[in-house]
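# Coordinate analysis (summary)
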Amino acid sequence: MDTSKSNKKKAAEEDLLLPKKPFRTHGGVHIDHMKNTAETESEEIPTPKKVIISMQQHIGAACEPIVKKGDTVTVGQLIANSESFMCAPIHSGVSGVVTNIGTIIMPNGAEIKTIEIESDGRQTICPDIEPPVVTNADELYAAVRKSGLVGLGGAGFPVSIKLNFSPEKHVDTLVINGAECEPYLTADYREMMEFPEDIIEGTRFVMETLELKRAIIGIEGNKPAAIKRLDEIIRERSLDDRMCVLKLGTSYPHGAEKVLIKACTNRAVPVGKIPADAGCVVLNITSVSFIAKYVRTGMPLVSKRITVDGSAIETPKNVIAPIGTMISDIAEFCGGFKQEPKKVLMGGPMMGTALYTLDYPIIKQNNGLIFMGEKEADDVKPSDCIRCGRCVAACPMLLTPVNIQHLVEKRDVQGLNDLCVMSCMECGCCGFSCPARRPLVQYLRMAKSIVRSGR
Amino acid sequence: MENNTPNTPQMLSVSSSPHRHSGENTAYIMQDVLIALVPAALMSVVYFGWRAAMLIVLCTATCVLTEYVCRRVMKRHQTISDFSAAVTGVLLAFNLPPTLNPVFAVLGSVFAIAVVKQMFGGIGMNFVNPALAARIFLLISFPSQMSSWSLPFFYLSGNASTDVVSTATPLAQMASGSVTTPMIDLFIGLHGGCLGETCALALLIGGMYLLLRKVITPHIPLAFIGTVAVIALIAGQNPITHVLSGGVMLGAIFMATDYTTCPVNKTGRVVYGIGCGILTMTIRLFGSLPEGVSYSIVLMNILTPHIETLTQSSPFGSEVQRSGK
C-alpha cells in the first residue's frame, strides 16, 4: 500500500518536471517551411483611410455595435460588445468617424454586421485607457476579457474563457504555443524576435497569477534563434526552475493544441474535452506577449501582425495593421501583385480560409494573408481513392479518413460516430498526403455536421 | 470601393483547406511499383528468355487495353494513365509459368481487369487482387498448362521448340521429398517456377526501393515472411527454404501490399500479414497443393474489411489516464 502510494506520488512529481525533450506525437506530415519573411523586421502600415470592423472576430456569439453612424471614435475605444460568455469585445484601431453600420458576407457564407470607420489620420488615443490592476485569477479573467483578446494562433477562441477553469480540474501547467507550424507564417516568430521580454514576462505573469506550477514554451526546431533568445531571458531572470523553452520537432501540426500538449507534457486531452481536463492552459505566444503589454499599458487588442506572403505578392513581409484594414490596402502596402492572385488565404496554407474577394477586412486572429498565383493555387481534380492508407498514417488524432469519406456519402450517422469524427481538428494532414487529392478535410467537415445534426 | 483596381474582374478560386499538397499522385506511386518490378523482370528474361519478355509485354498490353475498352464501354473517365492496369499486367505475368501458351495469358489479363477490377468499380474498388484472382482462375481452369515448369536457361539448350525441359518447383520437390535445391540457387533464382517469383534477390531489391520511396510500409512483408519462417521452424522444416521458394517473396512484397485489398492501418496490416503467413503454411504443410501463396493472399483480401474494423485504432485521447494531479 505504502509503496504504491509513494510510487504514485513520485509519478506525480515526475509529471511536473520540466521536459528536456519533446514527447512522441502521432502522425503528422513534413511540409516545406517557406518562412521567407522570418528575417525581415515587421513594418507598420500607414493608418488606412477606412477600416471595416467585423462583429465576428472570435469563436462564439457575435458582438453588437455600441456606436452609431456619425459617432467619433478614438484608438482603443470600445465599439462593440456582447453579454454572452463566449465572446470578446471589439475596440477601434483608428481614430475617426463611424460612417456606416453595414454588413459583410463572411467566407463561410454567413452575413455579419460591420462598423465602418473613416480615419482622421490623427490616431488619437482613447482617454479611458489605463493599465488594469491584476492581483488574482479573477482580476486576470476580467482584464483579459476587457482587452478583447482572442487566441492569436488562428482559431480565435476568446482567451478569457481559457483562463476561467474550475479548481477541480487541477490545472498545473501553462503551455505556450510558439510552434507556428504552418508554412509561410512568421508572425509569431517575429514577436519572439522583437518582443522576447514581453513573452517571458507575460508567461511568468499568467503562470503566477493563476498559481500554476510550471510553464513550457513549445517552439519548433526550425526557429533556433528564438529558442536561444527566450532561453537566455529565462535564465537571466532566474525563472528556469519553473519555466522552460522546449524545442519541438518540425513536423506539422505541432502547433495544434492537443498535439502540443502531448509533445510538451505527454498528456492526452480526453476526446471531446478541453486542455484544462489534461491539467493545461494553452496560450499562443503572441497572446501572452499581448497580455504583458496590456497589463503595462491598458491598450486593448486593436492591431495585429500579419505575415503577407505567397507567389503572387511583390514584397512578402510582416505587416502590423489595425484590425479592420482592408486586404487590398495591405496588398498595396506590400508592393502590389507580381502576378494576378488566383487564391487568397486568410491564415496559413494548411488551415487557412480561401477568400472570395480582396475587398475584405482583416480580423483579430488573422496571422497570415497568402496570395497564391495561378501555379501555386493549382486545383487538381480528385481521382479515385486507392486506399493507400497515407491519410491514416498522417492523422494526428488517429482517425481513418479513408473510411470516413464513404460513410459521409452514405450519411451514416452511427458509423461516423463510431469513427469519432468529432475529434477531427481539420489540420489538413490527410488531404495534404492524399495521392488521389481527395477533399478529405471537406469530407470530415461534412461528417462533423452530419453527426451534429444527426442526419 | 474606390480603391478597387479598375478593369480587373477578380475571380478568386475558393476551396477547402488544405491549400498545399505533397505533390504525390496515383500515377507516381504506380510508376514506382513498376520501377521496383524491373530487377525481377530482367532476371526473368535472363533465366527464361524471350518467352518471359513476351509474356510480360503481352499481359501488360492486354491489361491496359482491356482497361481502356472497359472504361469506354462503361462511359467512365479514362484511368489507364494511372498505370495501375500496367502494374496488374506485369504482376500477372510474374505469376505465370514461362512456357504458358500466350492465349491463356491474354485470357487471364482480360479476366483480371474486366471481371475482377472494372466490374467492381475500377481502381480502389476491387475486393481481391486482380492479378492473383486471374492466376487462380487460370490455375483452376487450365491446371496442367499452369503447372508445367521449366528450368532456367532452357532456351539455351537448343531444344527451342515448345517441348521444353520440364522440372518441378523446389516446393514440389520438397513435398515429394526428392531433391533439395541449394540455398544460393533459391536466393538468386536458379530453379523452376513462375516468371517473376524465382529470383528472391531481385524481389528484395525491388522491395527495398518501395520501402525507401515509402510506397509500402514494412508491416505486411515482415509479418508475412516472419510467420512463414516461424511456422516452418515449428514444423521442423528449413525456414529459409520456405521463405525463398514459391511465391512468398513476390507475394509478401508486391501482391499482399496491394493498397486496395490490404488494411489501411498498421495493426491491421500486421494481422493481415500474419494471416497470409499462416494460410500459406497451412496449405503448404497440409494441403494437396505444393504452393498456397496466391490462395492465402486472396483469402486474406476478402477478410480485409473485417480486419480493419477489428483493429480500428481508438482516437487520440480516448483512453486517458493522468498520472499526476
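Residues numbered from 1 in each chain as written. Chains lettered and ligands numbered in written order. Predicted model: local features only at pLDDT ≥ 70, side-chain atom pairs only at ≥ 80, totals over all residues.

## Digging into the overall build of chain B
So the rule is basically this: Here a strand is any run of E in DSSP of at least two residues, a helix any run of H or I of at least four, and the numbering for each starts at the N terminus. In this scheme every C-beta is placed from the backbone, and a residue whose C-beta has 20 or more other C-beta atoms within 10 Å is buried, one with 12 or fewer is exposed, and one in between is partly exposed. Distance between backbone-placed C-beta atoms decides contact: two residues are in contact if it is within 7 Å.
Summing up its helical and strand segments, chain B has 14 helices and two strands in all. Sorting the 325 residues of chain B into buried and exposed places 50% on the buried side. Across chain B, contacts joining residues at least 24 apart in sequence account for 72% of those joining residues at least 6 apart.

## Observations regarding the packing of helix 3 (residues 84-94) of chain B against helix 4 (residues 102-117) of chain B
Residue and element names in this part refer to chain B. Just so we agree on the cut-off: Interaxial angles span 0 to 180 degrees and are taken between N-to-C directions of axes, which are lines fitted to C-alpha atoms, for helices over the stretch in contact. Geometric relationships in this document are graded by angle, where less than 35 degrees denotes roughly parallel, more than 145 denotes roughly antiparallel, 65 to 115 denotes roughly perpendicular, and other angles denote oblique. Left-handed describes a crossing whose near helix is turned anticlockwise from the far helix through less than a right angle; right-handed describes the clockwise counterpart. Throughout this entry, Asp, Glu, Lys and Arg are counted as charged residues, while Ala, Val, Leu, Ile, Met, Phe, Trp, Tyr, Cys and Pro are counted as nonpolar. The remaining residues, Gly among them, count as polar.
At their nearest, the axes of helix 3 and helix 4 sit 10 Å apart, and the two run at 140° to each other. By the angle class used here, helix 3 and helix 4 are oblique. For the element pair helix 3 and helix 4, the recorded crossing hand is right-handed. Within the contact between the two elements, helix 3 uses A85, T88, G89, L92 and A93 and helix 4 uses A105, G108, S109, A112 and I113. A breakdown of the residues in the contact of helix 3 with helix 4 according to their chemical character gives six nonpolar, four polar and no charged.

## Quick notes on the sheet that holds strand 5 (residues 78-81) of chain A
Residue and element names in this part refer to chain A. What counts, and what does not: The pairing criterion is simple: DSSP has to find at least two bridges between the two strands.
Taken together, three strands build an open sheet; the order of strands is 3-5-6 and the sheet is antiparallel. This sheet does not close on itself; its edge strands, each paired only once, are strand 3 (64-65) and strand 6 (90-91). Here two bridges tie strand 5 to strand 6, and the two strands are oriented antiparallel to one another. Residue pairing across strands places L78 opposite H91, the latter belonging to strand 6.

## Description of the sheet that holds strand 8 (residues 111-119) of chain A
Remark on secondary structure: sheet strands pair via backbone hydrogen bonds, oriented parallel or antiparallel. Read across the open sheet, the four strands follow the order 2-8-7-4 (chain A); overall the sheet is antiparallel. What marks the edges here is a single partner per strand, and that holds for strand 2 (50-54) and strand 4 (72-73) of chain A.

## As for the interface of chain A and chain B
Taken together, the contact between chain A and chain B spans 63 residues of the former and 38 residues of the latter. Looking at the side of chain A that touches chain B, the elements that each hand over two or more residues are helix 1 (2-15), helix 9 (327-333), strand 15 (343-346), strand 16 (353-355), helix 13 (429-433) and helix 14 (440-453) of chain A. Partitioned by chemical class, the residues of the side of chain A that touches chain B number 37 nonpolar, 14 polar and twelve charged.

## Quick word on the nonpolar core
Keep this limit in mind: Think of a nonpolar core as buried Ala, Val, Leu, Ile, Met, Phe, Trp, Tyr and Cys residues, each tied to the set through C-beta atoms within 7 Å.
Counting 221 residues, the largest nonpolar core has I404 of chain A together with V90 and A93 of chain B as its most contacted members. It is helix 1 (residues 26-48) of chain B that provides the largest number of residues to this core, a total of ten residues. Apart from residues lying up to four places away in sequence, A93 of chain B is in contact with L55, I56, C59, A105 and L195 of chain B.

## Considering the environment of Y443 of chain A
Following the sequence through the fold, Y443 of chain A ends up in helix 14. Through-space distance from the C-alpha of Y443 of chain A to that of V402 of chain A is 9.8 Å; in sequence the pair is 41 residues apart.

## Some words on the environment of Q414 of chain A
Looking at the secondary structure, you find Q414 of chain A in helix 12 (residues 413-418). Taking the C-alpha atoms as reference, Q414 of chain A lies 30 Å from K381 of chain A; in sequence the two are 33 residues apart.

## Description of the confidence of the model for chain B
Fine structural detail should not be taken from predicted coordinates in areas where pLDDT scores are low. Residue and element names in this part refer to chain B. Convention followed: Confidence scores per residue from the predictor, reported as pLDDT, run from 0 to 100.
Predicted confidence across chain B gives a mean pLDDT of 88, with 90% of residues reaching 70 or more. Low confidence marks residues 321-325, where pLDDT is under 50. Its contacts with residues over four positions away, or in another chain, come to twelve contacts. Across the interface, the model reports ipTM at 0.88; the global pTM reads 0.90.

## Digging into the packing of helix 5 (residues 196-209) of chain A against helix 8 (residues 285-297) of chain A
Residues and elements named next belong to chain A. Between helix 5 and helix 8, whose axes approach to 7 Å, the crossing angle comes to 80°. By the angle between their axes, helix 5 is roughly perpendicular relative to helix 8. Packed against helix 5, whose contacting residues are D198, I199, E201, G202, T203, F205 and V206, the element helix 8 presents I285, V288, S289, I291, A292, K293 and V295 at the interface. Taken together, the residues of the contact of helix 5 with helix 8 break down into eight nonpolar, three polar and three charged.

## Comments concerning the environment of M54 of chain B
Looking at the secondary structure, you find M54 of chain B in helix 2 (residues 50-74). By C-beta crowding, M54 of chain B is classed as partly exposed, having 16 other C-beta atoms within 10 Å.

## Some remarks on helix 10 (residues 219-234) of chain B
All names here are of chain B. The following threshold applies: Given a helix with a known number of residues, its expected span is that number minus one, times 1.5 Å.
Spanning 16 residues, helix 10 covers 22 Å between terminal C-alpha atoms, matching the ideal 22 Å at 1.5 Å per step. H219, I220, P221, A223, F224, I225, T227, V228 and A232 are the residues of helix 10 that are buried. Within two residues after helix 10, G236 carries a phi angle of roughly 80°, on the positive side.

## Digging into the domain arrangement of chain A
Counted only if it meets this: Each domain span listed reflects an automatic or database assignment of domains.
Along its sequence, chain A is carved into domain 1 (19-37 + 150-297), domain 2 (302-372) and domain 3 (390-453). A straight line from the C-alpha centre of domain 2 of chain A to that of domain 3 of chain A covers 29 Å.

## Structural notes on the pairing of strand 15 of chain A
All names here are of chain A. By the alternation rule, side chains of strand 15 split into K343 and L345 and V344 and M346, which are all buried. Strand direction decides the pairing type here: strand 15 and strand 16, joined by three bridges, are antiparallel. Bridge assignment links V344 to a residue of strand 16, and that residue is L355.

## Side note on helix 7 (residues 257-265) of chain A
Since the α-helix turns once every 3.6 residues, residues separated by three or four places project in the same direction. Residues and elements named next belong to chain A. Burial analysis of helix 7 places nine of its nine residues in the buried class, the great majority of the element. Every buried residue of helix 7 is accounted for by E257, K258, V259, L260, I261, K262, A263, C264 and T265. Packed against the buried residues of helix 7 are strand 9 (173-178), strand 10 (214-220), strand 11 (243-248) and strand 12 (280-284). Backbone geometry just after helix 7 places N266 at a positive phi near 65°.

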